[in-house]
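Residue strings, one per chain:
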Amino acid sequence: MTKIFLLLCLFFLAASGFVNGSIKKEPIRLFELKKGDLSIKVTNWGATLVSVVLPDKNGKLGDIVLGYDSVKAYKNDTTYFGATVGRVANRIGGAQFTLNGMHYKLIANEGNNTLHGGPKGITYVVWKVVRYQKEGASPRITFSYLSVDGDQGFPGDLLVTVSYILGKNSLSIIMKAKALNKPTPVNLVNHAYWNLGNHNSGNILDEEVQIFGSQITLVDDHLIPTGKFASVKGTPYDFLKPHTVGSRINLLNKTNGYDINYVLDGAKGKEIKKAAIVYDKKSGRVLKLSTNAPGLQFYTANFVKNEKGKGGFVYQPRSALCLESQAFPDSVNHPNFPSTIVTPEKPYKHVMFIKFSTKGPYVR
């Protein structure tokens, strides 16, 4: 009986990748999904979106997200190109919070604050591939990662999955998280840098943007929310009607561009709602984002400087825009913000639906 038990233990360890006294490391790999003339590449390093290739209005294929040629280059990335960010994306003021009477001190990695889950959040780890279907009716890939109790200071074990799914001219990104034993804050984000003209086409100042958010969450000089809201009407943040990114960007105070959270209209419920539309006149490409998240961080690559990317192209500020559907930043320290607390009884689900089209002679 003892021998059978030992054999079962050895079988379990081998199946788990535990070899020669250590956990067998998952290799960093690149995966492709393809449906029609839309294709994407992703890597299990940080469950990262590496490329999105689709035609322009003339039928010419181009890659519309910033990134690197080698998957290994993402290990040293500080821009979060295409990354899955968490446990809690964006900023947590003072790198601390209190939950159910317990005070938690996180690892600060932006001054006194925690940014994007800490210095070694779920962006900087290898994820497990649990499903992969390259082509067919519904090409998809699902990654999973177990963030253990105390990871970057956060409480409880958290099982996270991220799925990329291709539809007809569309990309869905579905992020789920389940707290296994303790309540914990969760705010997962995809940090793709979009340039609809092609990743190497220069700045995005002429791209036309519409954001379906009538308010923003005000922030202090360190981009930490004050807890107050402000109307966008009559300000450079007003994209309720389409405007080019560059039309009012130089009117912003103390910033090199946009980096602000929008309160999406109709965001009280968890239904899918329109978040943003981007149109690039030169290429004719259109991106429409819908989500069940309450907020949208609009960011214009302000801190990207002299970053050598795909094909040796050097990315600069304003070379792309990010549309990060999310919970409000620092929600865990603002009771008036929608709660980000996930419990074993209350799992987390964040849906992003991205529809691509073109205006011009090539109609998709």
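On a predicted model such as this, the values are computed, not experimentally measured, just so you know. (Residues numbered from 1 in each chain as written. Predicted model: local features only at pLDDT ≥ 70, side-chain atom pairs only at ≥ 80, totals over all residues. Heavy atoms only, no water.)

**Focus on the confidence of the model for the protein**
Low-confidence regions, as indicated by low pLDDT, have predicted coordinates that should not be scrutinised in detail. Condition: Scored from 0 to 100, pLDDT records how confident the predictor is in each individual residue. In this analysis, two residues are considered to be in contact whenever any of their non-hydrogen atoms come within 4.5 Å of each other.
Looking at the protein, the pLDDT average stands at 92 and 91% of residues meet or exceed 70. Predicted confidence is poor over residues 1-23, with pLDDT under 50, and the contacts of this stretch with residues over four places away or in other chains come to 7 contacts.

**Focus: the sheet that holds strand S6 (residues 61-63)**
Across a sheet, strands are paired by hydrogen bonds formed along the backbone, either parallel or antiparallel in direction. Formally: Strand pairing is defined by DSSP finding a minimum of two bridges between the two strands. Numbering of helices and strands runs from the N terminus; a helix is a DSSP stretch of H or I covering at least four residues, while a strand is a stretch of E covering at least two. Geometry is summarised by axes, namely lines fitted to C-alpha atoms with helices restricted to the contacting stretch, and by angles between N-to-C directions that run from 0 to 180 degrees.
What the 4 strands build is an open sheet, ordered S3-S4-S5-S6; its pairing is antiparallel. A single partner strand is all that each edge strand has here, and the edge strands are strand S3 (30-35) and S6. Strand-to-strand twist across the sheet, computed as the mean angle between neighbouring axes with direction ignored, equals 20°. Examined bridge by bridge, strand S4 (residues 38-43) and strand S5 (residues 48-55) share 5 bridges and lie antiparallel to one another. Along S5, the bridge assignment pairs Thr43 with Thr48.

**A word on the nonpolar core**
Selection criterion: Residues belong to one nonpolar core when they are buried, are Ala, Val, Leu, Ile, Met, Phe, Trp, Tyr or Cys, and are joined through side-chain atoms within 4.5 Å. Using a 1.4 Å probe on the protein chains alone, a residue whose accessible area is under 20% of its type maximum counts as buried, one over 50% counts as exposed, and one in between counts as partly exposed.
By size, the foremost hydrophobic cluster in this structure holds 61 residues, and its most contacted members are Val52, Tyr164, Trp194, Phe298 and Phe356. Non-local contacts of Val52, meaning those with residues more than four positions away in its chain, are made with Leu38, Ser39, Ile40, Gly62, Asp63, Ile64, Val65, Trp194 and Phe356.

**Some points on the sheet that holds strand S12 (residues 128-133)**
The antiparallel open sheet is built from 9 strands, whose spatial order is S12-S13-S14-S15-S30-S24-S23-S18-S21. If you trace the sheet from one side to the other, it starts and ends with S12 and strand S21 (243-244), each paired once.

**A short note on unusual backbone geometry**
Backbone torsion omega between Gly86 and Arg87 reads 10°, so that peptide bond is classified as cis. Mapped onto the elements, Arg87 comes out in the loop between strand S7 (83-85) and strand S8 (91-92). Positive phi is not limited to glycine here, since Asn169 has a value of about 55°. Within the fold, Asn169 resides in the loop between strand S14 (158-167) and strand S15 (170-179). Take Asn169: its relative accessible area is 14%, and that puts it in the buried class. For Leu223, which is not glycine, the phi dihedral falls at a positive 65°. Summarising the element assignment, Leu223 is placed in the loop between strand S19 (213-219) and strand S20 (225-231).

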